[in-house]
Amino acid sequence: MKKFLIRNEKTKYIRQALQKYNHAKETEDMFNETYKLSNGVEIPILGLGTWLLDDAQAAQAVLDAVSIGYRHIDTAQAYMNEAGVGEAIRSCGVAREELFITTKVAAEAKTYDAVTRSIDESLAKMGLNYIDLLIIQSPQPWKEFREENRYFEENKEVWESLEDAYKTGKVKAIGLSNFLQDDIENILSSCEIKPMVNQILAHVSNTPFELIEFCQKNDILVEAYSPIAHGAVLDHAEIKVIADKYGVSVAQLCLRYCLQLGLVVIPKTANPDHMRNNADLDFAILDADMETLKNVEHIQDYGEHSFFPVFGGKL
């Protein structure tokens, strides 16, 4: 009887060890999963956002993320943390070509020369020879976001600067952010190189399905920033019920939702535990639950962050 108990205990521990191994393998696979952009460049489907982190915080967050397994890091000129991100990239111990780094041209830069200078400044601040993905952060300066002046001609000039940076090898891919359908059509009407990405606000309770469909039909990959609504949906009762059904957190459910829509997700966090949880997405949301999530009432209040233009506010 004693031998049987010992053998049973061994079997239990072996089973637990295998479960842990498989779980770790699935999480690792999440870091290795990529989409292919229209020019053939591969982009990891899960990235780390660094908005609202200063240089020191961003550097530590990137070091932590890379050690956990992240290979996709997202920053921007406007975040004012490119130097910190670059410092971590250079010192993290992972080969540069194994990392995918995105930065964004400031929304206020709307001339060819201003953008060309800003690209060189980003490269210098980060201490990098190239940027994997360069994005125009907004079709309009933030103080005029979604107002009457659409900056159509200026954005064509900005795009030309990105095309030239792409041709010279300063950047490996180029794209847009916060561009609506007519903003994109404006670029497509005259560009030599099509946008490869449109990074937009997309999450449960605020998913611009028509814009996503338009982008996907035009071979433009959609990236979701604030895929957890900058925390504003974490206490949402209806979403929590579905998360509980799958035995996951609301954050994990929201990330899986975006992935199942074919989007890249870029959750922002400086917390290593959250980084690990955000990569633990080895489950699938059933079609019926996806439909429920697609129809969750539109969020009205982003709390303390509501004043930001992307959340409906005005600077």
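Our subject is the structure listed above.
Within each chain, residues carry numbers counting from 1 in the order of the written sequence. pLDDT decides what is reported in this predicted model: residues at 70 or higher carry local features, side-chain atom pairs at 80 or more are listed and counted, and totals for whole chains, interfaces and linings draw on all residues regardless. Based on all heavy atoms of the structure, the side-chain values leave hydrogens and waters out of the count.

A. Geometry of the packing of aromatic side chains. The rule is short: rings of Phe, Tyr and Trp, with Trp giving its six-membered ring, pair when the centres are within 6.5 Å, and they are stacked under 30 degrees, edge-to-face over 60, tilted in between. Applying the stated rule across the entire model yields seven aromatic pairs. Aromatic side chains W51 and F311 sit 6.1 Å apart centroid to centroid with 50° between the ring planes, which places their arrangement in the tilted category. With W51 in the loop between strand 3 (48-49) and helix 2 (55-68) and F311 in the segment after helix 11 (287-294), the pair connects residues that are 260 residues apart, well separated along the chain. Taken together, a centroid distance of 4.3 Å and an interplanar angle of 20° make the contact between Y302 and F311 stacked. The residues Y302 and F311 share a single accessibility class, namely buried. Among the aromatic residues, those joined into a cluster by ring pairs are W51, Y302, F307, F308 and F311. Its guanidinium or amino end placed over the ring of Y130, R96 lies 4.1 Å from that ring's centre, counting from NZ or CZ. Its guanidinium or amino end placed over the ring of F283, R256 lies 5.8 Å from that ring's centre, counting from NZ or CZ. Helix and strand assignments follow DSSP, with helices taken as H or I runs no shorter than four residues and strands as E runs no shorter than two, numbered in order from the N terminus. Categorising residues by exposure relies on relative accessible area from a 1.4 Å probe, with only protein chains included: less than 20% of the type maximum marks a residue as buried, more than 50% marks it as exposed, and the intermediate range marks it as partly exposed. Look at NZ for Lys and CZ for Arg. If either is within 6 Å of the ring centre and within 35 degrees of the ring normal, a charge sits over the ring.

B. Inspection of the packing of helix 9 (residues 250-260) against helix 11 at higher detail. Angular values range over 0 to 180 degrees, each being the angle between N-to-C directions of two axes fitted as lines to C-alpha atoms, with helices fitted over their stretch in contact. Two elements in contact, helix 9 and helix 11, have axes separated by 11 Å at closest approach and are oriented at 100°. By the angle between their directions, the pair helix 9 and helix 11 is classed as roughly perpendicular. Facing helix 9, whose interface residues are L253, Y257 and Q260, helix 11 presents M290, L293 and K294. The cut-offs work like this: below 35 degrees is roughly parallel, past 145 is roughly antiparallel, 65 to 115 is roughly perpendicular, and the gaps in between are oblique. Contacts were defined at the residue level, with two residues in contact if any of their heavy atoms lie within 4.5 Å.

C. Layout of the nonpolar core. Residue types Ala, Val, Leu, Ile, Met, Phe, Trp, Tyr and Cys, when buried and joined through side-chain atoms within 4.5 Å, form a set referred to as a nonpolar core. Core analysis: the largest hydrophobic core is formed by 104 residues, its most contacted members being L162, I239 and L253. For this core, the leading source of residues is helix 9, giving eight residues. When sequence neighbours within four positions are dropped, the list of residues in contact with L253 reads I239, I242, A243, Y246, V248, F283, I285 and L293.

D. A look at the sheet that holds strand 7 (residues 174-177). One open sheet accounts for eight strands, arranged 3-4-5-6-7-8-9-10; its pairing is parallel. Strand pairing shows two members of the sheet lacking a second neighbour, strand 3 and strand 10 (264-266), which therefore form its edges. Two strands pair under a simple rule: DSSP has to find at least two bridges between them.

E. Examining helix 6 (residues 181-188) more closely. When helix 6 is considered as a whole, its buried residues turn out to be D183, I184, N186 and I187. The arc that holds the buried residues of helix 6, viewed along the axis, is 155°, so those residues lie on one side. Looking at the buried positions of helix 6, the neighbouring elements they touch are helix 5 (152-167), strand 7, strand 8 (197-201) and helix 7 (209-217). What the arc measures is the spread of directions leading from the helix axis to the C-beta atoms.

F. Region of the structure containing helix 3 (residues 82-91). When we look at burial in helix 3, the residues that qualify are E82, G84, V85, G86, A88 and I89. The inward-facing, buried residues of helix 3 abut helix 2, strand 4 (72-74), strand 5 (100-105) and helix 4 (112-126).

G. Representation of the pairing of strand 9 (residues 221-225) within the structure. The buried count for strand 9 comes to five of five residues, which makes it a mostly enclosed element. Here strand 9 shows no split at all, with L221, E223 and Y225 on one side and V222 and A224 on the other all buried. Across five bridges, strand 8 lies against strand 9 in parallel orientation. Paired with V197 across the two strands is L221, which belongs to strand 9. When the strands point away from the viewer and the path from the first strand over the helix to the second turns clockwise, the crossover is right-handed. Handedness of the strand 8-helix 7-strand 9 crossover: right-handed. Summarising the sheet, strand 9 and strand 10 pair through three bridges and their orientation is parallel. Bridge pairing links E223 to V264 in strand 10.

H. Expanded view of the packing of helix 8 (residues 237-246) against helix 11. Where helix 8 contacts helix 11, the two axes come as close as 10 Å, and the packing angle between them is 160°. In terms of their interaxial angle, helix 8 and helix 11 are classed as roughly antiparallel. Seen along the crossing, helix 8 lies across helix 11 with a hand that is left-handed. Facing helix 8, whose interface residues are E238, I239, I242, K245 and Y246, helix 11 presents D289, T292 and L293. Nonpolar residues are Ala, Val, Leu, Ile, Met, Phe, Trp, Tyr, Cys and Pro. Charged residues are Asp, Glu, Lys and Arg, and all others, Gly as well, are polar. Of the residues in the contact of helix 8 with helix 11, the class split is four nonpolar, one polar and three charged. In this scheme the handedness of a crossing depends on how the near helix is turned from the far one: anticlockwise by less than a right angle means left-handed, clockwise means right-handed.

I. Structural detail: the environment of D120. Locating D120 in the fold gives a position in helix 4. Taking C-alpha positions, D120 is 9.8 Å from Y130, a pair spaced 10 residues apart along the chain. In protein, a polar contact requires one atom able to donate a hydrogen and another able to accept it; more generally it is a pair of N or O atoms within 3.5 Å, and residues adjacent in sequence count only if both atoms are side-chain atoms. Separated by 2.8 Å, the side chains of D120 and K170 make a polar contact.

J. Here's a closer look at the pattern of salt bridges. Any carboxyl oxygen of Asp or Glu that lies within 4 Å of a side-chain nitrogen of Lys or Arg is treated as forming a salt bridge with it. Taken as a whole and judged by the stated rule, the model has 14 salt bridges. One salt bridge in this structure joins R96 and D132, with 2.8 Å as the shortest N-O distance. Of this pair, R96 sits in the loop between helix 3 and strand 5 while D132 sits in the loop between helix 4 and strand 6 (133-136), and the two are 36 residues apart along the sequence. The same class applies to R96 and to D132, which are both buried. Three or more residues joined by partner-sharing salt bridges are found here, namely R150, D182 and D183.

K. Structural view of the side chain of S226. Here S226 shows up in the loop between strand 9 and helix 8. The residues touching S226, leaving out its near neighbours within four places in the chain, are L201, A202, H203, I266 and F311.

No statement about biological role is implied by the geometric values presented.
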